[in-house]
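# Summary of the model geometry
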Amino acid sequence: TARIARQASLEFGQDVPLILNGDFNTDTRMAPELDIIRELLSSAFDVAKETVDSSDRITHSFHNEQGSNYSQMDDFFISESLRNRVLKAHV
C-alpha cells in the first residue's frame, strides 16, 4: 500500500489526493506495522477541524481478568493535499 501511495505521488505529483480507509486489524494510532503508512498519510481524525475525543475513536475493546484494552482499528488515512479539507471524522 505504501509503495502504491508513493508511486501515485511520483506519477501525479505531491498534491494527488489519496485516501486509504478501512479496518486495519491493529491499532492505527501506534502499531509499528503501520509506521510506513503514517509517514506518508495522516489520520483524518488527527487533522479534522472538529476535534474528536480519543474515546470516540475506539473501534475495538478487549476485556479480561487483567483489565480492558481499547484500540482504534478503523481509520481514514489521507494525503497532505486533503489535510485542510477534513471538517469532521467519526467512527
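Notes on the structure in this doc start here. These figures come from a predicted structure and were not determined experimentally.

## What about the pattern of salt bridges?
- By the definition in use, this model includes three salt bridges.
- The salt bridge involving Asp27 is made with Arg29; its shortest N-O contact spans 3.6 Å.
- Residue class for Asp27 comes out buried when judged on its relative accessible area of 10%.
- Residue Arg29 is classed as partly exposed on the basis of its relative accessible area, which comes to 30%.
- In this structure, Arg38 and Asp35 form a salt bridge, with 2.3 Å as the shortest nitrogen-oxygen distance. Here Asp35 and Arg38 lie together in helix 2 (residues 35–40), a separation of three residues that amounts to about one turn.

## Describing the sheet that holds strand 2 (residues 42–43)
- With antiparallel pairing, three strands are arranged side by side in an open sheet as 1-5-2. The open sheet has two edge strands with one neighbour each: strand 1 (19–23) and strand 2.
- Relative to strand 5 (residues 74–78), strand 1 is paired through five bridges, and the arrangement is antiparallel. The residue of strand 5 that forms the bridge with Ile19 is Ile78.

## What to know about the packing of aromatic side chains
- One pass over the structure, following the stated rule, counts two aromatic pairs.
- Centroid distance Phe24 to Phe77: 5.4 Å. Interplanar angle 80 degrees. Geometry classified as edge-to-face. Within this pair, whereas Phe24 is found in the loop between strand 1 and helix 2, its partner Phe77 is found in strand 5, the two being separated by 53 residues in sequence.
- A residue is classified by how much of its surface remains accessible, and Phe77, at 1% relative accessible area, is buried.
- Each ring, one from Phe45 and one from Phe76, has its centre 6.4 Å from the other, and the planes form 45 degrees; the classification is tilted. Separated by 31 residues along the polypeptide, Phe45 in helix 3 (residues 44–47) and Phe76 in strand 5 bring together distant segments of the chain.

What counts and what doesn't
Residue numbers restart at each chain and count upward from 1, following the sequence in its written direction. Local features are withheld for residues below a pLDDT of 70 in this predicted model, meaning they are given only at 70 or higher, and side-chain atom pairs are given and counted only at 80 or more; totals for whole chains, interfaces and linings count all residues. With hydrogens and water stripped out, all remaining heavy atoms of the structure feed into the side-chain values. Every case where a carboxyl oxygen of Asp or Glu lies within 4 Å of a side-chain nitrogen of Lys or Arg is listed as a salt bridge. Classification of residues uses two cut-offs on accessible area relative to the type maximum, computed with a 1.4 Å probe and protein chains only: under 20% is buried, over 50% is exposed, and between them is partly exposed. Runs of H or I in DSSP of at least four residues are treated as helices and runs of E of at least two as strands, each being numbered from the N terminus. The pairing criterion is simple: DSSP has to find at least two bridges between the two strands. Paired rings are identified among Phe, Tyr and Trp, the last through its six-membered ring, by centres lying within 6.5 Å, and are further divided according to the angle between planes into stacked (under 30 degrees), edge-to-face (over 60) and tilted (the rest).

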